[in-house]
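This is what each chain is made of:
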Amino acid sequence: MVTVKDLAKMEDLLLKGNAACAGCPIGVALRTTLKALGRKTIMFVPACCTSVVQGIGPGAAISVPLFNTAFETAASVASGAAAAAEILGKDVTILAWAGDGGTYDIGLQAISGAAERGDNVLYICYNNQMYSNTGIQRSGATPLGAWTTTTWTGKTEHMKDMGMILIAHRVPYVAATSVGYPDDIYEKVKKAKEKKGFRYIDILAPCPPGWRFPSDMTIRLGRLAIETGFWLLYEYEDGELRFNGYTKLVAEGKREFKPVEEFLRLQDRFRHLFEPKRRDDILEEIQRWIKERFEWYLSLAKI
Amino acid sequence: MVTVKDLAKMEDLLLKGNAACAGCPIGVALRTTLKALGRKTIMFVPACCTSVVQGIGPGAAISVPLFNTAFETAASVASGAAAAAEILGKDVTILAWAGDGGTYDIGLQAISGAAERGDNVLYICYNNQMYSNTGIQRSGATPLGAWTTTTWTGKTEHMKDMGMILIAHRVPYVAATSVGYPDDIYEKVKKAKEKKGFRYIDILAPCPPGWRFPSDMTIRLGRLAIETGFWLLYEYEDGELRFNGYTKLVAEGKREFKPVEEFLRLQDRFRHLFEPKRRDDILEEIQRWIKERFEWYLSLAKI
Amino acid sequence: MGISGVIEIRFHGRGGQGAVTAARLLAMAAYKAGFKGVQAYPFFGAERRGAPVVAYFRMSKELVKLHSMIKNPDAIVVLDDSLLDVVDVTSGLKECGKVIINTSSPDKVKEKIDTNKFKLYCVDCTSIALDLGLVIAGIPVVNTAILGAVSKVIGIPVENVVDAVKESWRGSVAEKNAKAVLRAYDSVKEVS
Amino acid sequence: MGISGVIEIRFHGRGGQGAVTAARLLAMAAYKAGFKGVQAYPFFGAERRGAPVVAYFRMSKELVKLHSMIKNPDAIVVLDDSLLDVVDVTSGLKECGKVIINTSSPDKVKEKIDTNKFKLYCVDCTSIALDLGLVIAGIPVVNTAILGAVSKVIGIPVENVVDAVKESWRGSVAEKNAKAVLRAYDSVKEVS
Amino acid sequence: MSGRRVIIDTGNSAVAYAVKDAEVKVIAAYPITPQTTIVEKIAQFIEYGQMDAKMIRVESEHSAMAAIIGSEAMGVRSFTATSSHGLALMHEMLWYASNARLPVVMAVANRTMGPPWNIWADWGDAMADRDIGWIMSWAANNQEVYDFTLISYRVAEDKRIVLPAMVNLEAFVLTHTSMPFEICGEETREYLPEYDPVWKLDPDDPIIMGNLFSPADTMKLRWDMWESMERAKKVIAEAIREYNERFNRNYEGLIKTYKMDDADYAILSMGTIGEEAEVATDVLREEGLKVGTVRINFFRPFPREDIIKTLNGVSKVIIFERSSSIGASGQIMQDLGQSLLLEKMQLDVNDVFIGIGGTDVSYEDIVNVVKKAIKGDLAPLYWYGSEGW
Amino acid sequence: MSGRRVIIDTGNSAVAYAVKDAEVKVIAAYPITPQTTIVEKIAQFIEYGQMDAKMIRVESEHSAMAAIIGSEAMGVRSFTATSSHGLALMHEMLWYASNARLPVVMAVANRTMGPPWNIWADWGDAMADRDIGWIMSWAANNQEVYDFTLISYRVAEDKRIVLPAMVNLEAFVLTHTSMPFEICGEETREYLPEYDPVWKLDPDDPIIMGNLFSPADTMKLRWDMWESMERAKKVIAEAIREYNERFNRNYEGLIKTYKMDDADYAILSMGTIGEEAEVATDVLREEGLKVGTVRINFFRPFPREDIIKTLNGVSKVIIFERSSSIGASGQIMQDLGQSLLLEKMQLDVNDVFIGIGGTDVSYEDIVNVVKKAIKGDLAPLYWYGSEGW
Amino acid sequence: MPEDVNKYLPLSKPKIGISGKTGSWRIFAPEINYEKCVKCHICVVVCPEASILLEDDRPKIDYDYCKGCGVCARECPVGAITMRRER
Amino acid sequence: MPEDVNKYLPLSKPKIGISGKTGSWRIFAPEINYEKCVKCHICVVVCPEASILLEDDRPKIDYDYCKGCGVCARECPVGAITMRRER
Ligand SMILES: Cc1ncc(C[n+]2csc(CCOP(=O)(O)OP(=O)(O)O)c2C)c(N)n1
Ligand SMILES: Cc1ncc(C[n+]2csc(CCOP(=O)(O)OP(=O)(O)O)c2C)c(N)n1
Ligand code: SF4
Ligand code: SF4
Ligand code: SF4
Ligand code: SF4
Ligand code: SF4
Ligand code: SF4
Ligand SMILES: [Mg+2]
Ligand SMILES: [Mg+2]
């Protein structure tokens, strides 16, 4: 396991003075990812906050080759690049780096195609659970009840389970992690790097303006999501599902999930669930969903 | 359970003298589906053999309103129609009827979106495991080893598991059935009709020219697929997975799956696995995959 | 109307019978025979096995610049005499145009083709195919054989047809098809 | 160059401070005051919280047919005096143009604005906001208050500004903002 | 909902109000800068009970257009909005809407196509759809945005037309710029009757849309679209006239002319550049140059006759275009070209590319170019500013 | 692989051979009638070891174009092919290829856009992409299909150009029609050197493609595309000349003229209709009418100068178009219009829509129309056969 | 839609025999031996062409449209249907 | 690419400070109390801006770029970082 001290020493390939908001989770997720992958990486980034974070050309806040691509094409452009890398005999990591909108919604089909074909692509979704670049609209990853500018009174559906969809594709590697745990991100990216074929990592990425919390809480919320079971830490590797970190402790009965309210209350996107009138119906449904989903995962982890 | 005699009596809404090939599985699947749904049905059909089966306008071999739509849009056009039906207060079944290409590949994203939103659509895929309308190219549903005109030496990947992908979406109803069992098709369509939200049925549809077998074997192969475990009969309903028919008997230990070779040998798309040289590697991999997949389903069925 | 020096043929067959392939093989043969301009193309529908289909063929000593449908063919080739009951095969055929039909009953065919207006040629490709074991999925393969008859009637050297066939298949399949061509070449008969 | 009868103002603020809203409220007020042609628009980037941003405002008795950027504004409004160190706020400002700045230290500001060329007006909106409890996420809301100062300096009746504010919010928020407007109106001072 | 009143808000807001006032029943849309606030506002109307409609929050623009095609085919008035890449992504479905004769209406926030990413104004996104049977208008201010949206529904649904319509508004200069505009509120009802489709999907009368058609039959269908679009010139003029009367506006028609009566030189343009050109016209007139401006309000159907008529007698035309057909000319130039050819008229023309990629276009820019053109100092095809590159 | 030889096969086959001879390394494609056999044949070449390349069997056309954009950006020569709905679906990515300056080549089997479904020939699918910086050729026979594909790679990759190229071949009339064509085999190597990209993604020299650019910088990029496309006229002519010399062909250039030297009347068209028109020309000449034919081989860049030159002195031009810009005119007409306007030339023109939806176009049809036009009996914009509808 | 303005829409109406008498595509024709037939109706249900009708509880083949696929013969549990070569 | 023919490509090169000295966006500034600091380097790892550098094993804030988000202060396990209002 990598230590914080190791991580701190590694070269940063995401450059400071970029255009991200203060407290942006992309900073944490991408810095860490590029530490795990190193310079022999080529990035494919669809429209998302990461496109903006790079700043205005002809300069860019990133030190690896990067192709900014159309919103729905991270996986497919990467598929082509992976084929080219094979033709050229180049030893590089082809990294598709996309937001949840570009992954759960508009980019899903290209992912599914690449996954089915087994294209040699590492796909990472930094998941801030909405379209932040266009100003906070709902995505397939937005959780039930969350306010966005297209769900003013709260989203009426649960988030899509992208990890499970990828598991259903039986790709060599699927993992879920969180900005709350840079070391977990590092380990998972590192492991994925070493595998061939289509690999998927979903990084929960609490976003201050999108989730409406103060910018210093990014990491904290990334942890609370795990501690409440709102998000799970797991790996699916060569057909087997395993939990990590706090999630693993809960699976082993060593810990319990905290009430999800502890997580929700800190975000103003959920404020309408608490005031002016407490929405127990929705709060309970979220809590129920957490339980049911975890059980579903547990049942798979057992085989 | 509907009887054959009942089915035989029901009105046909697919009309004879259509443009399907002799022995076409669509005939069986669609006739049966429309018997279960009745005239209060509106169909949305993307580009596929069913578009051609209708014949050349301004006539068409179908007796319910039908919108021929762009290849990748069965689910999304149906979503719009479902919204309109709600606005109009119309009691109709909005039926998206698509091939596997339009479902597993190019139409997958629209399906996933509609599923996540819970749009009130019944989506049925008649799955002949390739693009037959354009002359037998591989699709995401094409099984390992199968010849197509884009996989001359046999496909190198397993079929995508669309049913499992839909289950991962946690929609109210997912079922897999086969043209080998019209009564099973009828029952599942009927059940799906009565539910609200996004519902998905995958009908295995052996296609004589595509699979390269004599046209009288359509139904027979539809059964053998089940009896060998190459395809499973199941329903996922409100969070629970159940098997049906022969698959159920196997799950209960009352039967065994027949060797998959019995199914493969009858189709010339797999001929190169047997001659000029037997390809044990691929044959064993198919057999292994059947086993593994069934176990995966079994593990879910248990919860 | 027609463009001088261009010979145009229409093939009638059924989906699965290989009318398009026949037209293309004939184009290959004609090219070998010195016709710089050759063309072969299907009537483009979504044809199913058994349904009537049509293919076209053109040849000329010069490059062919035509891309339109053939409306007034010089000859008609019919791969399956049962089509005579379903399709008006001689439609548009030029006066004195040639009709080459695969049939085992020339007499019955004669009743259906106006031999005063057209020249009728019959050949029993089905028997030739069955005899040579040229059968796929229970159905005799007649599309190569009939080219032998066409070559005779239209005047393309049969060696060129045989060569075209041999370039398109290998081994015993090629041999059988080549034989079929030659047999049809020998056995086609004008019926009048 | 400029089009007669059109008054143009540039707002400087920081992402999250509401410069665009301020411009729009001013447009509403100006319209109420009888200016048929009003316009308010952001400089269109992808601004992050804290980053310097710009918004524009136009008004005229006639319909405004201009859609281009304002290059030579008649006045400048600065929501945050710390911007003076980061941005050249008076760039393009007309000779004798007006500069309205939210600041608690007019003296320091004066050092940074050439009062020989421009007319400088200072107002302490931050104090007004803090005083009225107009604070969001720890940051004082100054964008409404400053409109009071603008109204005074530019000559749009302050009642119209107050009305615009009241149309845009409800209840106590509206009240507080309206009060802020009036206080700034009263307290803005020319510094020379 | 109430009657007419003035609102000071953005072009996007004007779209949302028009959609509300048109009593649209199904909206499917996907966010994209600078269109997003249209969708947000409509979502707000619906969620807060100010509008009775269903909103489908689709997973892509392709599905947005597909979904409203589905709802419109069911006989329900439908709407979407998009921009640039979103428009390009739904391109296939735009053909679908027009060829299926479904009179949906869409707002397009004209934005530059990438790469590189650029969120600013450019007409090129919509221009790529000018062949395929959509009525296309270009607004120059928020009042036009609102009005053209309502007029579009009226014309699109007219039984003599039955073609979809696109309302174009430039990125930020209109989408995000607040201006006063008057909404019609409930009075819209009289102008825009309840949607009565010419065909729909209905189990009581089963119709099959779009199975395979023969070439000959298909060609007839296309010809009918052509004819309907030609007819639209008249129908749009009618619809505008009635709109003027009811709501006290004074639109001229498919084009707007400004000081053209005695003009020696004409500026030809669209959208905000066309309006900015009026200011330039005033300036140039002050300098003694007899300049006039022709602004195209409806680009499809292309108002050939109106343009020819107003340009008759002019000695020079300077076209200002915010897009180009690379390897040919500007798109307005192409259509002016065919128009003049058909009307057997010859004119001295300059085609100027300006504002591309969202660059700012001021009346001063226009003034300078026109003066150069009049002097004969301008290349026939001129990229504004390119001498410096 | 061997040297030059004649093959008798379909236009689709000609594409596949050209792709093989161009040593393309990455192919991503999706099936669609009538393009499918291109992909099938390439798959066959690869799977049976006759071609050393990777084929990505993508899940949609959008991904097909995206994938070859990815591979090309890595510095590898890439190819795709599609048709009609497939082309429309990848529309957004076509902008991407040209704006990112990636010289990919694509074959387009021109087919009618639905609904209704119609699989037959129509130029309209490709026409919708004529603005966006793709070089576009239209072949009239299988030899041209093969040759234009190779020439396209050469021109697209030329360091003075660096724009993608589209080779158009009409549905069935070319895609499925067997004709003789000579392939160049290994000799292609000398004509088309190994791909040497002007930019690529390479960890040794990190470049970021396509982040946000300012309006001013974006406009410069577009201007450069415009200039490169203009330059392409010269580069294509060069490339054709060298091709002629090496492979013993006799292409004239961006257009092909037939009996134009002394023509009073000119037929202007493209593709197979353009070639069929040569036959019509012969027939009309026999009837004593001084007719000539101009066939556009490269529609982008639009060969304005060549066309103007050959039309000089002609008294009438009859354009035959297999597509229309609904609400305006035919697309060739538009560009002829802008061309004549820019060159200050006036001509008597008829624009004839023919072959739309895949209807058959025979030389007799052309002869009849031309005669009518010469008599002055033809509407300026004429839908062939419409009097009967 | 008023005839005079918009006659041309891409619409179709339901029609039996849209591809003609598809019985002519047939090479083999099914023949039911009613002696053997047990009236189980499986053939009716599995016929892809919907061209076996029920007449007084007896299956009856509509030869105008039967394409001769042979499915009925293959699936008849008692072998009551045989395929006979027609052409 | 030869300068003279194709100068204008949509390409960028890596650059620190692409959005300028983003330290100016800050309202609150972090201050490290080195007395308290235990050199765990958590702040270095969690800084979204990569603007805490290591100098002789000690964390050092690059105020030119630190946007003042406060994450470092929140996550420092010993409370060695405090946020101070700058403007
Ligand atoms: C085809 C298309 N549709 C819409 C957009 C507009 N768009 C750009 S980024 C974005 C949202 C991205 O959301 P996500 O992928 O979650 O990334 P985030 O912004 O949250 O980082 C949208 C809708 C686009 N660029 N292209
Ligand atoms: C965007 C687009 N791409 C490709 C096609 C061509 N196409 C039509 S049907 C079809 C295959 C359909 O396969 P499937 O969905 O499995 O249905 P089947 O033909 O097998 O019945 C294809 C590739 C199309 N119509 N539209
Ligand atoms: S909106 Fe959220 S994800 Fe986007 S840059 Fe800001 S903090 Fe980062
Ligand atoms: S190809 Fe297969 S699915 Fe298509 S019509 Fe023929 S039998 Fe039916
Ligand atoms: S042969 Fe086929 S089509 Fe004919 S009746 Fe039997 S099942 Fe039906
Ligand atoms: S399947 Fe056989 S037994 Fe049953 S009804 Fe048909 S013919 Fe009779
Ligand atoms: S305040 Fe934020 S940006 Fe500044 S050093 Fe701390 S973590 Fe980094
Ligand atoms: S987190 Fe705190 S203790 Fe750890 S290195 Fe940073 S300042 Fe020191
Ligand atoms: Mg997101
Ligand atoms: Mg299929």
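Caption draft 1: Structural view of the sheet that holds strand β16 (residues 381-383) of chain E. All names here are of chain E. Taken in spatial order, the six strands line up as β10-β12-β11-β14-β15-β16 in an open sheet, and their pairing is mixed. Edge positions in the sheet fall to β10 (255-258) and β16, since each has one partner strand and no second. Ignoring which end each strand starts from, the neighbouring axes of this sheet average 20° apart. Taken together, the four bridges between β10 and strand β12 (residues 291-296) define a ladder with antiparallel strand orientation. Residue pairing in the sheet places isoleucine 255 in a bridge with isoleucine 296 of β12. Against the sheet, helix α13 (residues 363-375) contacts β11 (265-270), β12, β14 (316-321), β15 (349-353) and β16, and its axis sits at roughly 145° relative to β14.

Caption draft 2: Broad picture of the site of ligand 7. Neighbouring ligand 7 are 13 residues; Cys47(H), Cys66(H), Cys69(H), Gly70(H) and Cys72(H) lie closest to it. Here the residues of the shell around ligand 7 are counted per class, giving eight nonpolar, three polar and two charged.

Caption draft 3: Highlighting the site of ligand 3. In the vicinity of ligand 3, the contacting residues are Cys21(A), Cys24(A), Pro25(A), Ile26(A), Cys49(A), Asn128(A), Ser132(A), Cys207(A), Pro208(A), Pro209(A) and Arg48(D). At the site occupied by ligand 3, nearby residues are drawn from chains A and D. If you list the elements that add at least two residues to the shell around ligand 3, you get α2 (25-37) and α9 (208-211) of chain A. Broken down by class, the residue content of the shell around ligand 3 amounts to eight nonpolar, two polar and one charged.

Caption draft 4: Spatial organisation of the sheet that holds strand β3 (residues 66-69) of chain B. Strand order in the open sheet formed by 11 strands is β2(B)-β1(G)-β9(E)-β3(B)-β1(B)-β4(B)-β5(B)-β7(B)-β6(B)-β8(B)-β9(B), with mixed pairing between adjacent strands. With partners counted over all chains shown, the strands left at the sheet margins are β2 (59-60) and β9 (240-243) of chain B, one partner each.

Caption draft 5: Geometry of the coordination of the magnesium ion (ligand 10). Residues and elements named next belong to chain B. Within the protein, the magnesium ion (ligand 10) binds to Asp100 (OD), Asn128 (OD1) and Met130 (O); these donor distances fall in the range 1.9 to 2.1 Å. When the donor residues of the magnesium ion (ligand 10) are listed from N- to C-terminus, their spacing reads D-x27-N-x1-M. Pair noted here: aspartate 100 is in the loop between β4 (93-99) and α5 (101-105) and asparagine 128 is in the loop between β5 (122-127) and α7 (162-168), with a separation of 28 residues, a long-range link. One exposure class covers both aspartate 100 and asparagine 128, and it is buried.

Caption draft 6: View of the packing of aromatic side chains. For the coordinates displayed, the defined rule picks out 72 aromatic pairs over all chains. Centre to centre, the rings of Trp223(E) and Trp389(F) are 5.4 Å apart; their planes meet at 70°, and the pair counts as edge-to-face. Of this pair, Trp223(E) sits in helix α9 (residues 215-247) while Trp389(F) sits in the segment after β16 (381-383), placing the two residues on different chains. Note on Trp223(E): relative accessible area 14%, which makes it buried. Through a chain of ring-to-ring contacts, three or more aromatic side chains come together here, namely Phe44(A), Phe67(A), Trp117(E), Tyr96(F) and Trp199(F). For the cation-ring pair, Arg223(A) lies above Tyr181(A), with the distance from its terminal atom to the ring centre recorded as 5.8 Å. Over the face of the ring belonging to Tyr185(D) we find Lys152(D), whose NZ or CZ atom lies 4.6 Å from the ring centre.

Caption draft 7: Examining empty space enclosed by the protein more closely. The full count for this structure, using the stated rule, is 16 cavities of 30 Å³ or more. Ile106(A), Gln109(A), Gln109(B), Leu89(E) and Leu89(F) are the residues nearest the centre of the largest cavity, which is lined by 20 residues in total. Those elements that place two or more of their residues in the lining of the largest cavity are α6 (108-117) of chain A, α6 (108-117) of chain B, α3 (61-73) of chain E together with α3 (61-73) of chain F. For the lining of the largest cavity, the class distribution of residues is six nonpolar, 10 polar and four charged.

Caption draft 8: The arrangement of the pairing of strand β5 (residues 105-110) of chain E in detail. Residue and element names in this part refer to chain E. Within β5, six of the six residues are buried, which leaves it mostly tucked inside the rest of the structure. Neither face of β5 is exposed, since Val105, Ala107 and Ala109 on one face and Met106, Val108 and Asn110 on the opposite face are all buried. Pairing geometry for β5 and strand β7 (residues 165-170), over six bridges, is parallel. Looking across to β7, one finds that alanine 107 is bridged to valine 167.

Caption draft 9: A look at the nonpolar core. The biggest cluster of nonpolar side chains holds 515 residues, and the ones touching the most others in it are Phe79(E) and Phe79(F). Take this core: its biggest share by element is 13 residues, from helix α9 (residues 215-247) of chain F.

Caption draft 10: Molecular detail of the relation of the copies chain E and chain F. For the match of chain E to chain F, the screw axis carries a shift of 0.0 Å, the RMSD comes to 0.0 Å, and the turn is 180°. The relationship between the two copies is best expressed as a two-fold rotation axis. In terms of C-alpha distance to the rotation axis, chain E has Gly337(E) as its closest residue, with the C-alpha 1.9 Å off the axis. Most of the interface of chain E is mirrored in chain F: 100% of its interface residues are interface residues there too.

Caption draft 11: Seen up close, the pairing of strand β4 (residues 58-61) of chain G. Residues and elements named next belong to chain G. Side chains Pro59 and Ile61 of β4 all project onto a buried face; the interleaved residues Arg58 and Lys60 project onto a face where none is buried. Sheet analysis places strand β3 (residues 52-55) next to β4, joined by four bridges and oriented antiparallel. The partner of glutamate 55 across the bridge, within β4, is arginine 58. Where β3 folds back onto β4 in an antiparallel hairpin, the turn is made up of two residues, including aspartate 56, whose phi is positive at roughly 50°.

Caption draft 12: Representation of the interface of chain C and chain G in the model. Counting residues at the interface gives 12 residues for chain C and five residues for chain G. Along the contact surface separating chain C from chain G lie zero salt bridges. Across the chain C-chain G interface, the total number found is one residue pair in polar contact (both at pLDDT 80 or more). Looking at the side of chain C that touches chain G residue by residue, the class counts come to five nonpolar, three polar and four charged.

Caption draft 13: Expanded view of the packing of helix α1 (residues 19-32) of chain C against helix α5 (residues 158-168) of chain C. All names here are of chain C. At a minimum axis distance of 8 Å, the contact between α1 and α5 shows a crossing angle of 125°. With respect to each other, α1 and α5 are oriented oblique. The chirality of how α1 crosses α5 is right-handed. Across from Leu25, Met28, Ala29 and Lys32 in α1, the residues of α5 making contact are Asn160, Val161, Asp163, Ala164, Val165, Glu167 and Ser168.

Caption draft 14: Highlighting the arrangement of the chains. The pair of protein chains exhibiting the most contacts, out of 18 pairs of chains in contact, is chains E and F. Between chain A and chain G there is no contact, and the shortest C-alpha to C-alpha distance separating them is 30 Å. At the level of C-alpha atoms, the two units chain D and chain G stay apart, their nearest approach being 40 Å.

Caption draft 15: Molecular detail of the interface of chain E and chain F. Taken together, the 82 residues of chain E in the interface contact 82 residues of chain F. Between chain E and chain F the total buried area reaches about 7400 Å² when both faces are included, carbon and sulfur atoms providing 68% of it. Considering only the surface of chain E that becomes buried against chain F, Met219(E), Trp226(E) and Ile326(E) emerge as the three largest contributors, covering 12% of it. At the boundary of chain E with chain F, the tally comes to four salt bridges. One salt bridge in this structure joins Asp131(F) and Arg130(E), with 2.7 Å as the shortest N-O distance. In this structure, the connection of chain E to chain F is made through 42 residue pairs in polar contact (both at pLDDT 80 or more). Counting only elements with at least two residues in the side of chain E that touches chain F, the list comes to α4 (84-89), α5 (91-99), α6 (124-127), α9, α12 (331-342), β15 and β16 of chain E. Broken down by element, the residue count for the side of chain E that touches chain F peaks at 11 residues, all from α9(E). Residue composition of the side of chain E that touches chain F, by class: 44 nonpolar, 27 polar and 11 charged.

Caption draft 16: Inspection of the side chain of Asp105(A) at higher detail. You can see Asp105(A) is positioned in helix α5 (residues 101-105). It turns out Asp105(A) is buried and unbridged, and the closest side chain with the opposite charge, Lys160(A), is 4.2 Å from it. A polar contact of 2.6 Å, which involves the side chain of Asp105(A), links it to the side chain of Tyr131(A). Sequence-distant contacts of Asp105(A), that is, excluding residues within four places in its chain, are made with Asp100(A), Tyr131(A), Ser139(A), Gly140(A), Lys160(A), Gln109(B), Tyr30(E) and Glu59(E).

The rules behind the values
Residues numbered from 1 in each chain as written. Chains lettered and ligands numbered in written order. Predicted model: local features only at pLDDT ≥ 70, side-chain atom pairs only at ≥ 80, totals over all residues. Heavy atoms only, no water. Pairing = 2+ DSSP bridges. Helix = DSSP H or I, 4+ residues; strand = E, 2+ residues; numbered from the N terminus. Axes fitted to C-alpha atoms, helices over the stretch in contact; angles between N-to-C directions. Contact = heavy atoms within 4.5 Å. Near = heavy atom within 4 Å. Nonpolar A, V, L, I, M, F, W, Y, C, P; charged D, E, K, R; others polar. Donors = N, O, S within 2.8 Å, 3.2 Å for Na, K, Ca; no water. Buried < 20%, exposed > 50% of the residue type's maximum accessible area, 1.4 Å probe, protein only. Phe/Tyr/Trp six-rings, centres within 6.5 Å; stacked < 30°, edge-to-face > 60°. Lys NZ or Arg CZ within 6 Å of the ring centre and 35° of its normal. 1 Å grid on protein atoms, 1.4 Å probe; cavity = no way out; pocket = protein on both sides within 12 Å on 5 of 7 lines; lining within 4 Å. Points joined across faces, edges and corners; volume = space filled by probe spheres on them. Core = buried A, V, L, I, M, F, W, Y, C linked by side-chain atoms within 4.5 Å. Least-squares fit on C-alpha atoms with pLDDT ≥ 70 in both. Salt bridge = Lys/Arg side-chain N within 4 Å of Asp/Glu carboxyl O. Polar contact = N/O pair within 3.5 Å; in protein donor to acceptor, adjacent residues only side chain to side chain. Parallel < 35°, antiparallel > 145°, perpendicular 65-115°, else oblique. Left-handed = near helix turned anticlockwise from the far one by under 90°. Buried area = accessible area lost by both parts, 1.4 Å probe. Lys, Arg positive; Asp, Glu negative; His and termini not counted.

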